[in-house]
Amino acid sequence: MTDSSLKHTQGKFSIGYRYRKERFFRFYGLLASVVGLVFLIIFFSNLIGKGKDAFFQTQIRLNINFSQEIIDPDNTGDKETFLKANYSKIAKDSLLEKFPSVSGRKDTRLLKKLLGQGGIYELSDLVQENPQYVGTRQEIWMTASDDVDMYFKGKVSADVANDMRRLKDKQIGWIEELRNSGQIKKSFNIVFFTKADSREPEMAGILGAVMGTALTLLITLLLSFPVGVMAAIYLEELSVKSRFTEFIEININNLAAVPSIVFGLLGLAVFLNVFNMPRSAPVVGGCVLALMTLPTVIIATRSSLRAVPPSIREAARGLGASNLQVVLHHVLPLAMPGVFTGTIIGMSRALGESAPLLMIGMVAFIVDIPGSFTDPATALPVQIYLWADSPEKAFVEKTAAGTLVLLLFLILMNSLAVILRKKYEKKW
């Protein structure tokens, strides 16, 4: 055996050494996967643990006296008159009837704080929907304040000193009395899914942000998909290779790596300052996100077109088809699974972006649900950011619940991309 052959059978060239390196590589790969899975489990466990309680709301049952003298003293039956009634006094009187021992301005104020502002609005809405309640007594489940909600869910401890918590000892005593009499409960928080944002945690909902996101993504899709596909077809199939097309291709690849906040600055400078489009509107957000999504759509479409075998093109041209007919009738239909996948992935990225939307004013506090593309609106990532920045403890669970809703949308969109690819993918 020669010296050179001996070198390949010992040391770092030996088969045993290479097998050991392979085992180490497998171990490190498995370790990295396990660590990543552990962190993912911790993240979701923490998120679900904090967010699940946001889907439930504490309610207090009271015997409400819909006094004729307070709501409609002239017996007009006019709903405009109903709106002007002092429902805060009606709620306070019902609480005082439940706790007749309460006296003094300070204790009365503490008692009134058991009900949130949302409960007061609920009484107004209830009278608007049921005018026959005026002048009667009804057993009503009313929304409790966010402080009561946090205590009833076990998020606030009574062991903390009285002056160190917002909920005082007397209020805790009243809550426990309601608990013992079965007049307080947790119920499904329908408000979270049917209302927009609010300064009061018990009234804050996510529907406004969901509608704003849907309108924004619709504009994004309508702009980015056709423009991106047409640009990809031109660059990949129809254009003559030149310095100009190379310059465009390089810049498209560069734009795919540009930080998203740069697109926000571009939208602020162009769409708002030059074209004077409405600030904080889905149409502006959609335009900005479309610019951000375009490079992803173009790159994915070009890759899908490139994956179609040349024999398809040659066969079509052999039958007399023009270049445009070859692309539109043969190549593009076969590339559509990849095009759809790239588009959905680009839309998923747009769904999770908040920085560009912050730059164009979609960080505004919006209490109304947008009904058109030009109405003021916010988006899910921005809504989560606003809740995370709020000082009230109840907004912590709202933040986690909003994140869960956002992740659900992302999972659904990415699942749709996988399903489309599996369903329509062609094997060559």
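Details of the structure are given in the entry above.
With that settled, consider a nonpolar patch on the surface. Among the surface-exposed residues, Phe-24, Phe-27, Tyr-28, Leu-30, Leu-31, Val-34, Val-35, Val-38, Phe-39 and Ile-42 lie close enough to one another that they form a single nonpolar patch of about 990 Å² accessible area. For Val-34, a relative accessible area of 43% translates into the label partly exposed.

At a minimum axis separation of 8 Å, helix 14 (residues 282-307) and helix 16 (residues 323-351) run at an interaxial angle of 150 degrees. Here helix 14 is positioned roughly antiparallel relative to helix 16, judged by the angle of their axes. Viewed along their axes, helix 14 and helix 16 form a crossing whose handedness is right-handed. Contact with helix 14, carried on its side by Leu-289, Met-292, Thr-293, Thr-296, Val-297, Ala-300, Thr-301, Ser-304 and Leu-305, involves Val-331, Leu-332, Ala-335, Gly-338, Val-339, Gly-342, Thr-343, Gly-346, Met-347, Arg-349 and Ala-350 of helix 16 and no other residues of that element. For the contact of helix 14 with helix 16, the class distribution of residues is eleven nonpolar, eight polar and one charged.

Counted at 1.5 Å a residue, the expected span for helix 12 (residues 243-255) with its 13 residues is 18 Å, and the 18 Å between its end C-alpha atoms agrees. Within helix 12, burial applies to Thr-245, Glu-249 and Ile-252. Around the axis of helix 12, the buried residues are gathered within 60 degrees of arc, so they sit on the same side. In helix 12, the exposed residues that point more than 90 degrees away from the buried face are Arg-243, Phe-244, Phe-247 and Ile-250.

So, on to empty space enclosed by the protein. Summed over the entire model, instances satisfying the criterion amount to one cavity of 30 Å³ or more. In this structure, the largest cavity occupies an estimated 40 Å³ of space. In terms of lining, the largest cavity is formed by Ala-196, Asp-197, Gly-208, Ala-209, Ile-366, Asp-368, Pro-370, Ala-377, Thr-378 and Gln-383. Its residues placed into classes, the lining of the largest cavity shows five nonpolar, three polar and two charged.

This part is about a positive patch on the surface. On the surface, a cluster of positive charge is made up of Arg-105, Lys-106, Arg-109 and Lys-113. Inspection of the secondary structure assignment puts Arg-105 in helix 6 (residues 105-112). When its relative accessible area of 70% is taken as the criterion, Arg-105 is described as exposed.

Turning to the layout of surface pockets, a few remarks are in order. For the largest pocket, the calculated volume is near 420 Å³. What lines the largest pocket is a set of 23 residues, and nearest its centre among them are Gly-118, Glu-122, Val-191, Lys-195 and Met-203. Of all the elements in the fold, those that place two or more residues in the lining of the largest pocket are strand 1 (56-65), helix 7 (117-129), strand 2 (137-143), strand 3 (184-188) and helix 10 (191-194). The class makeup of the residues in the lining of the largest pocket is nine nonpolar, nine polar and five charged. Reported here for the second largest pocket is a volume of approximately 340 Å³. Taken together, 20 residues line the second largest pocket, and the ones lying closest to its centre are Lys-113, Leu-115, Gly-116, Ser-145 and Glu-200.

So, how was this worked out
Residue positions within a chain follow its written sequence, with the count starting from 1. It should be noted that, the model being predicted, local features are given only for residues of pLDDT at least 70 and side-chain atom pairs only at 80 or more, the latter also being counted only at that level, while totals for whole chains, interfaces and linings use all residues. The side-chain numbers reported here are obtained from all heavy atoms of the structure, hydrogens and water having been left aside. Patch rule: a residue counts if its relative accessible area is over 30% and it has no salt bridge; like charges are joined within 9 Å, and nonpolar side chains (Val, Leu, Ile, Met, Phe, Trp, Tyr) within 5 Å. Each accessible area is a Shrake-Rupley result for a 1.4 Å probe, and residues are judged covered by the shown protein chains and nothing else. Each reported salt bridge corresponds to a side-chain nitrogen of Lys or Arg within 4 Å of a carboxyl oxygen of Asp or Glu. Relative accessibility thresholds used throughout: buried, under 20% of the residue-type maximum; exposed, over 50%; partly exposed, between the two (1.4 Å probe, protein chains only). With axes taken as lines fitted to C-alpha atoms, and helix axes fitted only over the stretch in contact, angles between N-to-C directions fall between 0 and 180 degrees. Numbering of helices and strands starts at the N terminus; helices are DSSP runs of H or I of at least 4 residues and strands are runs of E of at least 2. Each angle is binned into one of four classes, with values under 35 degrees roughly parallel, values over 145 roughly antiparallel, values of 65 to 115 roughly perpendicular, and all other values oblique. Crossings are classed by handedness, with left-handed meaning an anticlockwise turn of the near helix from the far one by less than a right angle and right-handed meaning a clockwise turn. Between two residues, a contact is recorded if the distance between any of their heavy atoms is within 4.5 Å. Three classes are used, and their members are as follows: Ala, Val, Leu, Ile, Met, Phe, Trp, Tyr, Cys and Pro are nonpolar, Asp, Glu, Lys and Arg are charged, and the others, Gly among them, are polar. Each helix should span, by expectation, one fewer than its residue count multiplied by 1.5 Å. Throughout, the arc means the angular range of directions from the helix axis out to the C-beta atoms. Points on a 1 Å grid, built from protein atoms alone, make a cavity when a 1.4 Å probe fits but cannot get out and make a pocket when they are open with protein on both sides within 12 Å along at least 5 of 7 lines; residues with an atom within 4 Å of a point are the lining residues. Grid points are joined across faces, edges and corners, and a volume is the space filled by probe spheres set on the points. The charged-residue count follows a simple rule in which Lys and Arg add positive charge and Asp and Glu add negative charge, with His and chain termini not counted at all. Working definition for charges: the position is that of NZ of Lys, CZ of Arg, CG of Asp or CD of Glu.

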